[in-house]
Every structure is written in C-alpha cells, then in structure tokens.
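# Structure at a glance
What follows is the residue order along each chain.
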Amino acid sequence: MKSKIYLLFSWVALLVFIITISGQANAKALMLKPFKNLSDQSKECVACHKQEDPSIYAQWGRSKHFGANVGCYECHQASNDEPDAIRHEGHTISVIVSPKDCSACHNEEVAEFSASHHANAGRIIGSLDNMLAEVVEGALTMNGKSPAAVNGCWQCHGSEVKVMPNGDLDPTTWPNTGIGRLNPDGSVGACTACHQRHEFSMIQARRPEACGKCHLGPDHPQKEIYDESKHGINFYANVDRMNMESAKWIVGEDYDAAPTCATCHMSATRELPVTHDVGNRISWTLRPAVSEKIDAKAIKQGQTVKTWQERRRDMSAVCDACHTSSMIDSFYTQFDSLVELYNTKFAIPGKRMMATLQEQGLMTDVAFDEKIEWTWFYLWHHEGRRARHGAAMMAPDYTQWHGLYEVAERFYMELIPEYNEYIEKAEKAGKHEAAETARKVLAEILESPEHLWFTGNEPAEVTEARQKAQAEFKQRYANED
C-alpha cells in the first residue's frame, strides 16, 4: 500500500514539474527550438559571404546560431514597409538587426532589456554631457552633427539611426552599437553592444571586458575599479577556473573564484534567474550630482516599481554565494555611509551654492561659459562618481585618492573661492541683496560640523585628539632605523 501511495505522489510530482516547465517554455518564443535545416535564403547568403566575408562566416560558424541552423536571413530579413529595408540579391533585408528582430527568438531577454536603464541611454540629447560634445568640444560640421558626439557619446549611449532619402543609413548615426540606440523600426537598444556579432559568445559577454567599452574613464571607471578590487584580482588570477562556458553558470555552483560584472548584475544565482535588466539589483543611483535610492524618482512621480530594499536583497543573494550575511550587511553599512557622507558634506551644499548663484542672477544662462560650472561638474560628475563607485565595488584607491580626496580639494580650494568671487563682484556691482543672500548660504554650509576644520572653529577636543595621534605617528616612525 505504501509503495502505491509513494508511486502516486511521484506521478503527481512529475506532472506538476511537466506543467511548470511547459508554462516556462510557453513564455519563451517557440523559435528557440533549432531549425531542422538551414533555410534556402540563408544558404544563398552563406554561399556568397563565405567568400566575400570569411571572418564573418567563421564567427557565425562558432556560434550557437550555427548549431541551431539560424543563418543570415533569419536575423536580417525585413518587410517592405520597414524604414531601413533594402533589396539585396533578390531578398528584402535590413542591415540593422534590432532587439525587435532578436525578440523573435529571445522575447524574454528583450522585454527585460527594454525595461532597463540601458534601454534609455540613447536619449541623451539635451543632457549636459551631450551639450559638451555638441557645442563646447565640437561643432555641427558633419551633416549638421558634431563629430565629437558621433564618435564619442553616441557610440556608448546610442543614437537615433536615421535613413536618408536614398535609403542609405545616415553616416552620422551609423555604424553604431550604443546600448540605447534608437532603431528605425521603433525598437530601442543594440544587443550587439554586449553580444558581439557574429559569434555572440557567452564567454565574451560574461567577461568584464565586455562592459569596459563604456564603463571606464574619468566619470564612470567601473572597469578599472573592478580590476583594482579583490574580485578583479581573483578573476584574472583564476580565470581558468571560472567555467565560463557553462550553460547555467550559477555562482557558487559552477564557479567560486570571483564574480564578474555579469555575475552581480545579470547572471543566475541559486535563488535568482538571469536578467537583462542590469539595474534590477542596484539600490543606489550613483549617476547624478546627489545620489538617491534607485526608486526615489519613481516614488516622487507616483509610480510603483521594485523597491530599493528588494533590489538590495537580490544583490545580497549574489554575495551570499561566497560571503556570510554579517559580512554582506557590514559592507552595505560601509557603502551607504560613504554615499551619505558625499551627499551631505559636498554634493548637497555644492548644488545649493550653484542654485543660489543662478537664482540671484549672478551667473549667465549659458552652460559652461564660467569656470565655476566646470569646477562643479568635475566635482560631482568625475570625482564624486569615482568615490561612490569605488565604494560600491570595493576599490579603496578610487574611493580615496581618485575620489573623495579630489572632491574635497575641488570643494575647498576651488568651488568656495570661486563662489566668494561672485559675492565680491555682486557687491561691486551694487547687488548687495544678492551678495548677502549668497554669503548667508555659504555661512550656513560652513557652520556644519564637518566643515568646522576649514573655518578654524573645530572643537578644541577634536583638534587636540587629532594632533595627539599625529604626534604619535611621527614619533613611531622617527624611532625606526
């Protein structure tokens, strides 16, 4: 009797499993199943491109697409009404393979990506960054666009790809694999920003270099920060143990040497599925002048989104594969305190100072025509971001010497003196009320405890304790032979 009951429960469990798997499979596009044979259209493409473009043919031959009989035509086919459709060797195709095209097979991945911050990266027209490339650095000399923006900003952020009247793609907007590219078919993004054509290698996409095309440099050096961190050091030292070719690639099961960018922001864990929304596990936004929790903007707009606490819980699940909960909690305590310090001591006061000058009519309306605007931009956009990202990814040199040290130097030695110059100019110009308002704002800022060292009003016990520690330090090293 017991054996019959056990058998019954086994069959029920198997049936539930099959139903669950079927439901998951139905959520995927049916085309994920391999084709039986390569299509006649793709055979024609391959016959020519094998000779004309042997490298492309070789890359495709190493891809999973090749094994599934997904050829050139399956990706490049287009309907006649598509804006960028062209006739090529008797077939209607599009040069651009957009996320909409990829969604024929990878619908879940495209849906996740489309909901991500990456998908909006191409909408940078009007931003300070793009204004610098369009106007300050560049000139509208390339079909009405700035070569600085075309070759710089847009190659990471993406651009609106335009089709010219003769059907050609506008060279000011193509080629472009920017992550937030605005495609002629109305879709956004470029899967090839991360999955380089035509091999689309998992190994390549999982390595930190995949993100390094865009996430590096003076304002967002995540790749360099990763390289400095213990995670990066361990990855490069143990890359042969990373099991990069694993289909499921679950941290803690398939590899344990180190995480990569993909591990933390995208890849599966024992609790979480793969996601193509790279912000899905981020709890702070470290991009703007003043950091906010990632859901703060949506809450202000009355929107309901995944909360920062839920996002942090999911990121902690990644950390949990290698670290204890107490270590994870302590890391977040350290990280949060650094962001709050930057916000409170430098970013909020700096933003208030700049707003005061604008509100009192002491600055022009032209962006970047006055030195203080460059000073402020460096402080938050370059040095402030480096400090915050350094803390987020455990790179102490970027947190300290490339980060808060430079923030402090910029704030005390440049921003404040330049701000005082505006007050003096206002007094000389007879704008006494505006000058007094600006002076009071600065006085209020410098009365905060964290700035008292600068004004010479630091409590005596604090000064004495620091001087004692400094004397002990000097004495310790003075006694060394």
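The structure we're discussing is the one just above.
Residues numbered from 1 in each chain as written. Predicted model: local features only at pLDDT ≥ 70, side-chain atom pairs only at ≥ 80, totals over all residues. Heavy atoms only, no water.

## Details of the side chain of Ser-98
Within the secondary structure, Ser-98 is located in the loop between strand E2 (91-94) and helix H6 (99-102). Among the polar contacts made by the side chain of Ser-98, one reaches the side chain of Asp-185 at a distance of 2.4 Å. In this view, Ser-98 contacts Arg-181, Asn-183, Asp-185 and Ser-187; residues no more than four positions away in its chain are not counted. (Helix = DSSP H or I, 4+ residues; strand = E, 2+ residues; numbered from the N terminus. Polar contact = N/O pair within 3.5 Å; in protein donor to acceptor, adjacent residues only side chain to side chain. Contact = heavy atoms within 4.5 Å.)

## Section: the packing of aromatic side chains
Evaluation of the coordinates by the stated rule reveals 19 aromatic pairs. Centre to centre, the rings of Phe-473 and Tyr-477 are 4.8 Å apart; their planes meet at 50 degrees, and the pair counts as tilted. Taken together, the residues span about one helical turn, with Phe-473 and Tyr-477 both in helix H21 (residues 460-478) at a distance of four residues. Classification of Tyr-477 as partly exposed rests on a relative accessible area of 46%. What links up through ring pairs into an aromatic cluster is the set Phe-346, Phe-411, Tyr-412, Trp-453 and Phe-454. Above the ring of Trp-284, the side-chain terminus of Lys-293 is found at 3.8 Å from the ring centroid. A cation over a ring is seen here: Lys-425 above Tyr-422, with NZ or CZ 5.7 Å from the ring centre. (Phe/Tyr/Trp six-rings, centres within 6.5 Å; stacked < 30°, edge-to-face > 60°. Buried < 20%, exposed > 50% of the residue type's maximum accessible area, 1.4 Å probe, protein only. Lys NZ or Arg CZ within 6 Å of the ring centre and 35° of its normal.)

## Regarding the environment of Ile-328
Residue placement: Ile-328 occurs in helix H16 (residues 325-359). For Ile-328, a relative accessible area of 6% corresponds to the buried category. When near neighbours in sequence (up to four residues on either side) are disregarded, Ile-328 contacts Ser-316, Cys-319, Asp-320 and His-323.

## Section: helix H7 (residues 107-114)
Of all the positions in H7, only Glu-109, Val-110 and Phe-113 are classed as buried. Projection of H7 onto a plane perpendicular to its axis shows the buried side chains occupying an angular sector of 95 degrees, all on one side. Contacts made by the buried residues of H7 are with H6. (Arc of directions from axis to C-beta.)

The analysis is restricted to geometry; functional conclusions fall outside its scope.
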